[in-house]
Amino acid sequence: MNDTELDDLGPIDYLVVEFPADRQPDGSALPILRGLVERGIIRVLDLAFVRKEADGSLSGIEIDDVGFEGEIDVTLFAEASSDLLKESDLEEAAAILEPGCSAAVLVYENRWAAPFAAALRHSGAQLVATGRIPLQTILENLESLDTAS
């Protein structure tokens, strides 16, 4: 990747999604993820699946071996590998999993924000904080407002 391509990058995020021990990922979210990619909203940089065994050890799962239901084309996701996601990252993700559970670890670029981020960088601005408000927190706040009124 050259400097011009790096300058045009949007913010890069990751997420770890845990699947319960008694349920395999069914792949129902993959078409939605594919749609985000096709519309240029995000770019999948890395996608990995891991399982935390009952003894606490970590095992990787190839996307082709996840066992999704139905006809799901995983080609886009199987080829996603920027090398940003390291073994130590997967171990850190597995540390928060319950034994017997599996997880998807996704690293993605927010393509929608790339022009905005580049403009800020060109003006000398720098990101000094970022965060997310969990949906559960928003719902709790809305409930407390309803109760108060």
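Quantities reported herein were computed from a predicted structural model and do not represent experimental measurements. (Residues numbered from 1 in each chain as written. Predicted model: local features only at pLDDT ≥ 70, side-chain atom pairs only at ≥ 80, totals over all residues. Heavy atoms only, no water.)

1. Quick notes on helix α4 (residues 87-95)
Point 1. The complete set of buried residues in α4 reads Leu90, Ala93 and Ala94. Looking down the long axis of α4, one finds its buried residues gathered within 100° of arc, a one-sided arrangement. Relative to its buried face, α4 has exposed residues pointing more than 90 degrees away, namely Glu92 and Ala95. (Buried < 20%, exposed > 50% of the residue type's maximum accessible area, 1.4 Å probe, protein only. Helix = DSSP H or I, 4+ residues; strand = E, 2+ residues; numbered from the N terminus. Arc of directions from axis to C-beta.)

2. A look at unusual backbone geometry
Negative phi values dominate among residues other than glycine, just as trans dominates among peptide bonds.
Point 1. Even without being a glycine, aspartate 83 presents a positive backbone phi close to 70°.
Point 2. By the secondary structure assignment, aspartate 83 is in the loop between α3 (75-78) and α4.

3. Some words on the environment of glycine 10
Point 1. Position of glycine 10 among the secondary structure elements: in the loop between α1 (3-7) and β1 (12-19).
Point 2. Using a relative accessible area of 7% as the deciding quantity, one classes glycine 10 as buried.
Point 3. In sequence terms glycine 10 and arginine 43 are 33 residues apart; their C-alpha atoms lie 9.4 Å from each other.
Point 4. Those residues in contact with glycine 10 that sit more than four places away from it in its chain are Glu109, Asn110, Ala113 and Ala114. (Contact = heavy atoms within 4.5 Å.)

4. Some remarks on the nonpolar core
Point 1. Within the largest apolar cluster, eleven residues are counted, these being Leu45, Ala48, Val50, Leu85, Leu90, Ala93, Ala94, Leu97, Ala103, Val105 and Val107.
Point 2. Setting aside chain neighbours within four positions, we find alanine 94 in contact with Lys52 and Leu58.
Point 3. Ile42, Leu47, Leu106 and Tyr108 belong to the second largest nonpolar core, which has ten residues in total. (Core = buried A, V, L, I, M, F, W, Y, C linked by side-chain atoms within 4.5 Å.)

5. What to know about helix α5 (residues 114-122)
Point 1. Those residues of α5 lying buried are Ala114, Ala117 and Ala118. Down the axis of α5, the buried side of the element spans an arc of 100°, and every buried residue falls inside it. Exposed positions of α5 whose direction lies more than 90 degrees from the buried face are Pro115 and Phe116.
Point 2. Phi turns positive one or two residues past the end of α5, at glycine 124, with a value near 90°.

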